Structure formats: structure tokens, C-alpha cells
Amino acid sequence: MKSKRIFAMAAAACMAVTGLTSMAASAASTTSSVTISYNQSTRKMTVSGKGTVTKQAVDQALKAYKLDKVVHVMSLDIKNGITAIGDRAFEGFNSLCYINFSGDMKSIGAYAFAGAGVETIELPYTLSVVGNYAFKNCTVLKDVVINSKISSWGISVLSGDKIATVYGPKTSAGVSFTNAQACAASEGRKFKSHLYGDANCDGVVNSNDATLILNFIANPSGYGIDGTKAGHMTKEGMLFADVCSTDGAGRRDGVTASDALTISKYVDRMIGSLPVKN
């Protein structure tokens with residue numbers, strides 16, 4: 001049976017990467033219960049601890065490591081335990097092109113990421129408050145995925161960017177769990193819905209999606225976003241192929257063999273719905 005064969009392939013791929021780790025030298029700056037570290041080789045800033053990341057804490061870290069926020073930070077990893085980003089905390093981080101939010105994130109403050117260089121923003125399932133102008137002047141921003149029901153969406157959150165689409169995801173069963181459409185309307189932006197697990201963007205979730213993910217991993221030149229093969233992965237497909245978290249904490253972690261395995265489990269009715277949030 002095709003789905004069982006895909007399941008076995010996905011499981012094998014997951015086992016192949018189990019246990020791999022990476023190590024890099026970093027320094028750390030601790031303010032209250034928040035610790036900020038920076039990896040010079042990868043230009044990655046990591047925030048861990050509990051509570052709110054304030055502008056003061058970020059500024060102290062920049063000073064401690066002699067960093068220019070405009071050019072030195074390309075990615076930001078906000079670990080679980082962090083529940084809020086304070087006003088203007090990462091404003092002006094022009095080279096920041098990737099943000100992985102905490103699975104505990106509740107709020108993002110005013111101007112928090114204004115001027116960032118991100119093309120895609122994937123807001124976490126737990127988020128409820130987004131402050132005024134939070135992503136103002138993110139001039140290369142193209143896609144925003146809203147994964148929760150936002151109780152307070154600020155004024156002109158997305159002003160000054162070139163965003164093409166606000167996505168309101170649905171579960172693999174077609175059930176909406178966000179109010180992204182209302183947020184998009186308030187910004188005057190295009191809205192589009194998409195099923196989680198639908199990696200090939202054909203409107204259904206089946207074993208073909210798991211196969212595409214495995215092909216994407218095994219043959220990126222053929223099945224990557226700029227691949228040469230027919231039916232290769234697209235940027236939109238990438239956003240919704242990421243259906244589970246390998247750290248078990250509900251954080252977005254990119255498309256991996258675990259996603260193919262999880263989709264296969266859904267197809268075989270071992271999982272009731274996608275995405276798996278924890």
C-alpha cells in the first residue's frame with residue numbers, strides 16, 4: 001500500500017538524522033530572567049529564559065558584544081519560556097531575515113520588529129496581542145502566517161512593507177482556527193487560506209504531500225523551491241508542510257522528515273488533525 005511505503009520511508013529518514021547536534025561558540029548576556037546569546041559565525045541571536053524581552057535587555061546585549069543591530073544579526077531564535085516582546089525591542093534590525101518565535105509567545109509590542117529584513121513571518125499558535133506598527137517598514141516582507149486568534153491587532157501593524165499575502169491556515173480537515181482574514185482586512189491586504197499538510201498546494205492532504213517532502217529533502221536541486229522537476233516545492237507549500245515540531249515544544253522548525261512522517265500518520269488515520277502543536 002502506497003501510504004504504508006511512504007510511512008516507512010519517512011520513518012527511516014527521521015531515524016537517519018536522530019542524534020545529530022551542532023555546537024558553536026557564543027557569549028551570553030543576562031538581564032533579569034532573560035538571557036541573550038550571540039553566535040558570531042552564524043550571526044544568530046538566541047533569547048532564552050522567562051517573561052518579556054525588553055528593549056533595555058537587547059540594547060545591553062548589543063553593547064556587551066559590540067554588535068551593530070543594523071548588520072550583525074541575521075536570525076533570531078526566541079526559545080520557549082519567553083512570553084512577550086517589549087516595545088521597540090528589535091526595532092531597526094535591518095539584516096534580520098529569520099525569526100523563530102517562542103511556543104509560549106502571548107504578545108508582541110509596538111514597533112517590536114519595525115525595519116526588520118524578514119520576507120516571511122510565521123506567528124505562533126499562542127499569540128493574542130500584536131502592538132501598533134509592530135512590523136512597520138519591513139520593506140521586503142511578502143508573507144505573514146497568522147496561526148492564532150488575535151484578540152488585539154494594533155494600528156498599521158504591517159505598514160510600509162510590500163506584503164503580498166496574509167495567510168489564514170486551516171487544519172488538514174479544513175477547520176479554521178485563526179481570525180487572520182479580519183487582520184488582513186484591517187491592513188487592506190490580500191488574504192488566502194491554506195490547509196496544513198498540503199505541501200503540493202493541490203487543496204487536499206494525502207500521501208503525495210509526504211512524498212514531495214521526502215523528495216525535497218533528498219533532491220533539493222530537483223524538488224526545492226527553485227527546482228527543475230515538475231511539481232517541485234513552492235514557497236507557499238513550504239509554509240504549510242511544516243506540521244510538527246521536532247523539539248516537542250510547538251515551535252516552527254522548518255520542513256523535515258518528521259513532517260513527512262506526521263503527514264503519513266494523518267493519512268493512515270493515526271493522527272486526527274494537522275498541525276500537531278506540541
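Residues numbered from 1 in each chain as written. Predicted model: local features only at pLDDT ≥ 70, side-chain atom pairs only at ≥ 80, totals over all residues. Heavy atoms only, no water.

Draft legend 1. Molecular detail of unusual backbone geometry. Residues L274 and P275 are joined by a peptide bond in cis, for which omega reads 5°. Topologically, P275 is positioned in the segment after α7 (257-267). Positive phi outside glycine occurs at K66, with the angle close to 55°. For K66, the location among the structural elements is in the loop between α2 (55-64) and β5 (75-78). A residue is classified by how much of its surface remains accessible, and K66, at 73% relative accessible area, is exposed. The phi dihedral of Y133 falls on the positive side, at around 55°, and the residue is not glycine. By the element assignment, Y133 lies in the loop between β10 (129-130) and β11 (143-146). With a relative accessible area of 24%, Y133 lands in the partly exposed category. (Helix = DSSP H or I, 4+ residues; strand = E, 2+ residues; numbered from the N terminus. Buried < 20%, exposed > 50% of the residue type's maximum accessible area, 1.4 Å probe, protein only.)

Draft legend 2. Quick peek at the packing of helix α4 (residues 207-218) against α7. With their axes 8 Å apart at the nearest point, α4 and α7 run at an angle of 165° to one another. Classified by the interaxial angle, the pair formed by α4 and α7 is roughly antiparallel. The handedness of the crossing between α4 and α7 comes out as left-handed. Of the residues in α7, those touching α4 at S207, D209, A210, I213, L214 and I217 are A257, D259, A260, I263, S264 and V267. Taken together, the residues of the contact of α4 with α7 sort by class into 8 nonpolar, 2 polar and 2 charged. (Axes fitted to C-alpha atoms, helices over the stretch in contact; angles between N-to-C directions. Parallel < 35°, antiparallel > 145°, perpendicular 65-115°, else oblique. Left-handed = near helix turned anticlockwise from the far one by under 90°. Contact = heavy atoms within 4.5 Å. Nonpolar A, V, L, I, M, F, W, Y, C, P; charged D, E, K, R; others polar.)

Draft legend 3. The packing of aromatic side chains, seen in detail. In total, this model carries 9 aromatic pairs according to the counting rule given. Pairing F101 with F113 gives two aromatic rings, centres 5.8 Å apart and planes at 85°, and the pair type is edge-to-face. Separated by 12 residues along the polypeptide, F101 in the loop between β7 (98-100) and β8 (107-108) and F113 in the loop between β8 and β9 (120-123) bring together distant segments of the chain. The interplanar angle of 50° and the centroid separation of 6.4 Å between the aromatic rings of Y125 and F177 together place this pair among those described as tilted. Linking Y125 in the loop between β9 and β10 with F177 in the loop between β13 (165-170) and α3 (180-187), this pair joins segments that are 52 residues apart in sequence. Classification of Y125 as buried rests on a relative accessible area of 19%. These aromatic residues form a ring-pair network of at least three members: F90, F93, F101, F113 and F135. For the cation-ring pair, R88 lies above Y111, with the distance from its terminal atom to the ring centre recorded as 4.1 Å. In this structure, K136 packs its charged tip against the face of Y133, placed 5.2 Å from the ring centre. (Phe/Tyr/Trp six-rings, centres within 6.5 Å; stacked < 30°, edge-to-face > 60°. Lys NZ or Arg CZ within 6 Å of the ring centre and 35° of its normal.)

Draft legend 4. The sheet that holds β11, seen in detail. Strand order in the open sheet formed by 4 strands is β9-β11-β13-β14, and the pairing between neighbours is parallel. Each edge of the open sheet is held by one strand with a lone partner, namely β9 and β14 (191-195). Neighbour-to-neighbour, the strand axes of this sheet turn through a mean angle of 20°, independent of strand direction. Note: β13 against β14, 5 bridges, orientation parallel. Bridged to Y167 within β14 is K192. The strands touched by α3 are β11, β13 and β14; relative to β13, the strand with the most contacts, the crossing angle is about 170°. (Pairing = 2+ DSSP bridges.)

Draft legend 5. Here's a closer look at the nonpolar core. By size, the foremost hydrophobic cluster in this structure holds 48 residues, and its most contacted members are F90, F113 and F135. Of all elements in the fold, only β2 (34-39), β3 (44-49), α2, β5, β6 (82-85), β9, β11 and α3 reach the threshold of two or more residues within this core. For F90, the residues in contact, after removing those within four places along its chain, are M45, V47, V53, V58, L76, I85, A112, F113 and A114. Counting residues in each nonpolar core, the second largest holds 23 residues, with L195, A199, V243 and I263 among its members. (Core = buried A, V, L, I, M, F, W, Y, C linked by side-chain atoms within 4.5 Å.)

Draft legend 6. Spatial organisation of the layout of surface pockets. In this structure, the second largest pocket occupies an estimated 370 Å³ of space. Around the second largest pocket, the lining is made up of 18 residues, and of these Y98, T120, E122, M238 and L239 lie nearest the centre. Looking at the lining of the second largest pocket, the elements that each hand over two or more residues are β7, β9 and α6 (235-241). Across the lining of the second largest pocket, the residue classes break down as 9 nonpolar, 3 polar and 6 charged. (1 Å grid on protein atoms, 1.4 Å probe; cavity = no way out; pocket = protein on both sides within 12 Å on 5 of 7 lines; lining within 4 Å. Points joined across faces, edges and corners; volume = space filled by probe spheres on them.)

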